[in-house]
Amino acid sequence: MTSPTDITRDPFRLVVLDMAGTTVADGGLVEQAFSAAAQRLGVRPGSDEHVRQLAYVRATMGESKISVFRHLFAAEGGDGGEDGEDGEDKAQRANSAFEDAYGELVDAGRIAPVPGAREAVERLASEGRTVVLTTGFARPTQDAVLAALGWQDLVPLTLCPADAGGRGRPFPDMVLAAFLRTGAVGDVRRTVVAGDTSYDMLSGVRSGAGIVAGVLTGAHDKDRLTRHGATHVLGSVAELPDLIARAEAAGLPDLAARAESAGPPAAAARAEA
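Residues numbered from 1 in each chain as written. Predicted model: local features only at pLDDT ≥ 70, side-chain atom pairs only at ≥ 80, totals over all residues. Heavy atoms only, no water.

Visitor: What is the right way to read the confidence of the model for the protein chain from this model?
Guide: As a general rule, the predicted coordinates of low-pLDDT regions are not to be interpreted in detail. With 84% of its residues at a pLDDT of at least 70, the protein chain reaches an overall mean of 84. This model gives residues 77-82 a pLDDT under 50, and the stretch forms 8 contacts once residues within four places in sequence are excluded. (pLDDT = per-residue confidence, 0-100. Contact = heavy atoms within 4.5 Å.)

Encoded structure:
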């Protein structure tokens, strides 16, 4: 069994980073792509239905996109209705429309790295840490983003929900898949998770990661990130290498104390969703 002394001495060798809003600046493209997808399914922009759905999209930023569309559209389809399309078909059609719209925006040059993100990843790698990039997008969209940025070879592993059994955030599956597939650390508490959404924070907390860092370059603010379990909140991912260095010098955070001070993040997410 690993002793507390060993944990304090061991470095954080696995760093799991979100993409859109954390390492990738997309300028609100998720909302634009959602609106385009919803319109294709007959949701009029500016309507009460559109406003309600967009609020849910904002609240669940970071979640697997197909899960979001199942929540929004699957219940409406019933057993097929007059048009013969059941709920799952409608959700899948919405997801495909979203991925197409987002891909078109990516191809149009509408994304860029968060300033300092690539340099942070390269520094982490030079320090002997394994960096994994994760997303709630489907694999084709994730690959399009990586190609647009020239990041195909930036990290040794990239993960989307399908790579981890199909469940995206707030489940811890992608973080745990990174832990298992890389073998970079022997104790999940020596993992760092960073993201810009409450669901990123929840997935990190649920995985048992030792550092769960929120960043303020994306969807959610400091209060929301902290309420959902962030151990630290940074201006951007560019600050992460220094944070890790400081944490290693100080020793592993007291996870029990952190959980108590953060309150029940899972319940908070359910309430806000």
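Visitor: Explain the packing of aromatic side chains to me, please; I cannot follow it from the model alone.
Guide: The geometry of an aromatic ring pair is captured by two quantities: the separation of the ring centres and the angle between the planes. Within the structure shown, the criterion is met by 5 aromatic pairs. Here Phe34 and Phe69 contribute two aromatic rings whose centre-to-centre distance is 6.0 Å and whose plane-to-plane angle is 25°, an arrangement assigned as stacked. Of this pair, Phe34 sits in helix α2 (residues 29-40) while Phe69 sits in helix α4 (residues 65-77), placing them 35 residues apart in sequence. Since its relative accessible area comes to 2%, Phe69 is described here as buried. One aromatic cluster is present, formed by Phe34, Phe69, Phe98, Tyr102 and Phe137 through successive ring pairs. (Phe/Tyr/Trp six-rings, centres within 6.5 Å; stacked < 30°, edge-to-face > 60°. Helix = DSSP H or I, 4+ residues; strand = E, 2+ residues; numbered from the N terminus. Buried < 20%, exposed > 50% of the residue type's maximum accessible area, 1.4 Å probe, protein only.)

Visitor: Any chance you could explain the nonpolar core here in plain terms?
Guide: In a soluble, globular protein the nonpolar side chains are often hidden away together inside. Judged by nonpolar contacts, the single largest core of 55 residues is most densely connected at Leu17, Phe98, Tyr102 and Leu240. With 8 residues, the single largest contributor to this core is helix α5 (residues 87-107). Discounting chain neighbours no more than four positions away, the residues touching Leu17 are Thr23, Val121, Val131, Val132, Leu133, Thr134, Ala194, Val237 and Leu240. One finds Val132, Met174, Val193 and Ala230 within the second-largest nonpolar core, a separate group that totals 19 residues. (Core = buried A, V, L, I, M, F, W, Y, C linked by side-chain atoms within 4.5 Å.)

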